[in-house]
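Topology and contacts: notes
Each chain, letter by letter, is given below.
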2 protein chains.
Amino acid sequence: MAPMNVSDLGEFALIDRLAAVGATPPESLIVGIGDDAAAWRSGDAIVLATTDSLVAGVHFLPDRTPWRDVGWKALVVNVSDIAAMGGTPQFALVTLGLPPDTPVAAVDDLYAGLRECAVEYGVAIAGGDIVRAPQAAITVALLGRGETDDRGRPLLLRRDAARAGHLLAVTGTLGDSAAGLRRLREGAPADDPLVRAHLRPRPPLEAGRLAVRAGVPCAIDISDGLLEDLGHVCRMSGLGAVVRAADVPLSAELRAAFPEDALALACGGGEDYQLLFAAPPSAIDLLMAAGVQLTIIGEVTGEGEPRPRLLDAAGAELRFDSGGWDHLRPGTGTS
Amino acid sequence: MAPMNVSDLGEFALIDRLAAVGATPPESLIVGIGDDAAAWRSGDAIVLATTDSLVAGVHFLPDRTPWRDVGWKALVVNVSDIAAMGGTPQFALVTLGLPPDTPVAAVDDLYAGLRECAVEYGVAIAGGDIVRAPQAAITVALLGRGETDDRGRPLLLRRDAARAGHLLAVTGTLGDSAAGLRRLREGAPADDPLVRAHLRPRPPLEAGRLAVRAGVPCAIDISDGLLEDLGHVCRMSGLGAVVRAADVPLSAELRAAFPEDALALACGGGEDYQLLFAAPPSAIDLLMAAGVQLTIIGEVTGEGEPRPRLLDAAGAELRFDSGGWDHLRPGTGTS
């Protein structure tokens, strides 16, 4: 048998192995590897922490993506993780890997995009590291604080907290980012609205905070694709889910640009950085009453396999070839 | 004029530009970019945060360095930063960039080294990200907590807190790591004591915590080389410093292996991950009384340029060609 490579195993299996590393987690750890962000108690506060990387040629197309947008995205994907915990981002540590021949102007543009995102979401850059690397890469670790109730108990949106009978609801529209990536590859300009959705996603931070206050127990950010991300919720909660295809929110731009593929892009495309909530109907009502625009797309079910099923108007299951991607497997999404 | 590349500008200038990015730092931020770690208040606690990367071919020699040692080092260099703030490391976020053809066995070895370090220093792995990359790289963000006094005020070791008349004292011996790197390049085995010092540095975490308790106000970890790191303290404190060459602690192994270069390796070599303290004599006395092995190597001076001077027995200044390195400049240290 040939020795196994990481591309055979895939990202999620490697993350699972990583989860087994380290000292026995202290009591202060509330949420470890496997959710959108980690959470622990520090004194009377809840600290949230997450990290995400963008690598040139893997996560963005260096010749098609303005550096400014790379800077925005490198931070905003982490903001999305904090939003998916119902928390508030505060401080970022930024690591840049740069080939020595990178123009300083490119780094300044990247910083400008970082700054725009930092100002927009109230993040301060508290640390950083700059290293020589064969390919440009940016890794952001983002720290924040989680909400607590009146008695100091943590209020967090967790992936494993879905229960049978919960409604599934999403913010915004889905599929625009994947459609924008497709248009970017076709040479569309950066100000195309779909390309914009891809390059400048805007996670609904306030919706996450309002959700924990409204009693929503479960959320995930839609980064890998609706069905893939809902699949994480299903596996971690040990429950099935149904999504009604007709209820998945699609933008007018998406329908117009890709009428045939709009649903597939919305369900499998990824990088929308919207939030998916699972919650009792009463909590969803409260959240909508608080002014959050939501679309109810289905519900959590008690029976069957712990995976999502996408249903057509007649209740028959729809399948796509791909639901999200796995960053290490060859031939999968570069975005 | 040709457009400027990052190799012309260097790491520290890029970090300075990064420091200008982001929203106005909130009041809760105590220490931002420029120290060993960032520090902020979260409720009644002090959160410490730092990040460091190792890139194959830049920071380690992939064909000569066991993956297990890469795993140890990736975490321990961050532990060293937390030690240099007088704090306690708690949680790590680990980002791995891996070429798809990386053998799973290599990742398992890397995880084993990470685990050894995590157990040794009481760190839990709380999160991670795994991405495809053209070259193996590991970035660790390490979070910890800082000490406070009886009234809840932060007790931190800061680079900018040196004062004229402070003594300079270091833990351990210096130069072993740089000597070990040289021997590793010559083909020495991994169990050579100097190679061991290079591959498995052991930051004196407890010494940092005892130092803040003893009233030491200023420290830095020796990662870039004694004179380079003392230079950071001088610049940030706006003061000069003298180091007596005869008092720089050298191990017997270093003297035996490189009798001619021992002092140069100790002063300019880097990656020792020992601590350099600047403190009033009374605090140094207390710290030594608490059982910390220290060597007093010089003192902080009020006059002259804000840079360190290395003096021979006659009081004349010694100079080396290189004092530390800058990670982005070509031709500088690969370790």
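Residues numbered from 1 in each chain as written. Chains lettered and ligands numbered in written order. Predicted model: local features only at pLDDT ≥ 70, side-chain atom pairs only at ≥ 80, totals over all residues. Heavy atoms only, no water.

With respect to the state of the cysteines
Per the stated rule, a full pass over the model turns up 0 disulfides over all chains. The closest cysteine sulfur to the non-disulfide-bonded A:Cys218 is located on A:Cys234, 9.1 Å from its own sulfur. Owing to a relative accessible area of 1%, A:Cys218 belongs among the buried residues under this scheme. Free cysteine: B:Cys267, not disulfide-bonded; nearest cysteine sulfur from B:Cys234 at 13 Å. B:Cys267 sits in the buried class, given a relative accessible area of 1%. (Disulfide = S-S within 2.5 Å. Buried < 20%, exposed > 50% of the residue type's maximum accessible area, 1.4 Å probe, protein only.)

Focus: the interface of chain B and chain A
Frequently, the measure chosen for interface size is the accessible area removed from exposure when the parts meet. The partner chain A presents 77 residues to the 77 residues of chain B that form the contact. A:Asp108 is the partner of B:Arg17 in a salt bridge, and the nearest nitrogen-oxygen pair spans 2.6 Å. Taken together, chain B and chain A are joined by 17 residue pairs in polar contact (both at pLDDT 80 or more). Mapped onto the side of chain B that touches chain A, the elements with two or more residues apiece are helix H1 (6-9), helix H2 (11-19), strand S2 (38-42), strand S3 (45-55), strand S4 (88-98), helix H4 (104-121), strand S5 (124-132) and strand S6 (137-145) of chain B. Among the elements that make up the side of chain B that touches chain A, the one with the highest residue count is S5(B) (9 residues). For the side of chain B that touches chain A, a count of residues per class yields 44 nonpolar, 23 polar and 10 charged. (Contact = heavy atoms within 4.5 Å. Salt bridge = Lys/Arg side-chain N within 4 Å of Asp/Glu carboxyl O. Polar contact = N/O pair within 3.5 Å; in protein donor to acceptor, adjacent residues only side chain to side chain. Helix = DSSP H or I, 4+ residues; strand = E, 2+ residues; numbered from the N terminus. Nonpolar A, V, L, I, M, F, W, Y, C, P; charged D, E, K, R; others polar.)

Notes on the relation of the copies chain B and chain A
For the pair chain B and chain A, the relating rotation is 180°, the translation along its axis is 0.0 Å, and the fit reaches an RMSD of 0.0 Å. Both copies of the chain, as the preceding transformation shows, are related through a two-fold rotation axis. Interface overlap between copies: 100% of the residues of chain B at the interface are likewise at the interface in chain A, consistent with a symmetric, same-surface contact. (Least-squares fit on C-alpha atoms with pLDDT ≥ 70 in both.)

Some thoughts on the sheet that holds S6(B)
Residues and elements named next belong to chain B. Read from one edge to the other, the open sheet built from 6 strands follows the order S1-S2-S3-S6-S4-S5, with strand pairing classed as mixed. In this open sheet, the two edge strands, each paired with only one partner strand, are strand S1 (29-31) and S5. Strand-to-strand twist in this sheet, taken as the mean axis angle between neighbours without regard to direction, amounts to 20°. Relative to S2, S1 is paired through 2 bridges, and the arrangement is antiparallel. Paired with Val31 across the strands is Ala39, a residue of S2. (Pairing = 2+ DSSP bridges. Axes fitted to C-alpha atoms, helices over the stretch in contact; angles between N-to-C directions.)

Examining the packing of aromatic side chains
Applying the stated criterion across every chain yields a total of 6 aromatic pairs over all chains. Where A:Trp40 meets B:Phe91, the ring centres are 4.2 Å apart and the plane angle is 25°; that geometry is what we call stacked. You can see A:Trp40 sitting in strand S2 (residues 38-42) and its partner B:Phe91 sitting in strand S4, one on each of two chains. Since its relative accessible area comes to 1%, A:Trp40 is described here as buried. The positively charged end of B:Arg182 is found above the aromatic ring belonging to B:Phe258, 4.9 Å away from the centroid. (Phe/Tyr/Trp six-rings, centres within 6.5 Å; stacked < 30°, edge-to-face > 60°. Lys NZ or Arg CZ within 6 Å of the ring centre and 35° of its normal.)

Considerations on the side chain of B:Thr102
Mapped onto the secondary structure, B:Thr102 falls in the loop between S4 and H4. Taking relative accessible area as the criterion, B:Thr102 reaches 7% and is therefore assigned buried. At 2.6 Å, the side chain of B:Thr102 forms a polar contact with the backbone oxygen of B:Pro99. For B:Thr102, the residues in contact, after removing those within four places along its chain, are A:Met4, A:Asn5, A:Val6 and B:Val107.

Regarding helix H8 (residues 226-237) of chain B
Given a rise of 1.5 Å per residue, 12 residues ought to cover 16 Å, and the 16 Å separating the end C-alpha atoms of H8(B) matches this to within 8%. Residues B:Leu226, B:Leu227, B:Glu228, B:Asp229, B:Leu230, B:Gly231, B:His232, B:Val233, B:Cys234 and B:Ser237 constitute the buried set of H8(B). (Expected span 1.5 Å × (residues − 1).)

Focus on the pairing of S2(B)
Residues and elements named next belong to chain B. Most of S2 is tucked away, with 4 of its 5 residues classed as buried. Hairpin connection, S1 to S2: the antiparallel pair is bridged by 6 residues, and Gly34 has positive phi, about 120°. Two successive antiparallel strands, S2 and S3, enclose a turn made up of 2 residues, where Gly43 displays a positive phi of approximately 60°.

A closer look at the confidence of the model for chain A
Residues and elements named next belong to chain A. Summing up the model confidence of chain A, the mean pLDDT is 91 and the portion of residues at 70 or higher is 94%. Here residues 322-335 is modelled with pLDDT under 50, and outside its nearest four sequence neighbours on either side it reaches 55 contacts, counting other chains as well. The ipTM assigned to the predicted complex is 0.89, against a pTM of 0.92. (pLDDT = per-residue confidence, 0-100.)

Here we look at the pattern of salt bridges
Residue and element names in this part refer to chain B. Inspection of every chain in the model, using the stated rule, returns 36 salt bridges over all chains. Note that Arg159 and Asp35 form a salt bridge whose closest N and O atoms lie 3.9 Å from each other. Residue Arg159 is found in the loop between strand S8 (154-155) and strand S9 (167-171), and its partner Asp35 is found in the loop between S1 and S2; the two are separated by 124 residues along the sequence. A salt bridge links Glu116 to Arg68; the shortest N-O distance between them is 2.4 Å. In this pair, Glu116 sits in helix H4 while Arg68 sits in helix H3 (residues 67-83), placing the two residues 48 residues apart along the sequence. Exposure remark for Arg68: the relative accessible area of 37% places this residue in the partly exposed category.

Describing the environment of B:Ala112
One can find B:Ala112 in helix H4. Along the primary structure B:Ala112 and B:Cys267 are separated by 155 residues, whereas in three dimensions their C-alpha atoms are 32 Å apart.

Digging into the packing of helix H7 (residues 205-214) of chain B against helix H11 (residues 281-289) of chain B
All names here are of chain B. At a closest axis distance of 9 Å, the pairing of H7 and H11 adopts a crossing angle of 135°. Classed by the angle they form, the pair H7 and H11 counts as oblique. In terms of crossing hand, the pair formed by H7 and H11 is right-handed. Residues Ala207, Leu210, Ala211 and Ala214 of H7 form the contact with H11, whose own contacting residues are Ala283, Leu286 and Leu287. Class assignment of the residues belonging to the contact of H7 with H11 gives a composition of 7 nonpolar, no polar and no charged. (Parallel < 35°, antiparallel > 145°, perpendicular 65-115°, else oblique. Left-handed = near helix turned anticlockwise from the far one by under 90°.)

A few points about the packing of helix H4 (residues 104-121) of chain A against H2(B)
Contact geometry of H4(A) with H2(B) gives a least axis separation of 10 Å together with a crossing angle of 25°. Classified by the interaxial angle, the pair formed by H4(A) and H2(B) is roughly parallel. When you trace H4(A) past H2(B), the crossing you get is right-handed. Taking contact as the criterion, the partners of A:Val104, A:Val107, A:Asp108, A:Tyr111 and A:Leu114 in H4(A) are, on H2(B), B:Leu14, B:Arg17 and B:Leu18. Among the residues forming the contact of H4(A) with H2(B), the class breakdown is 6 nonpolar, no polar and 2 charged.

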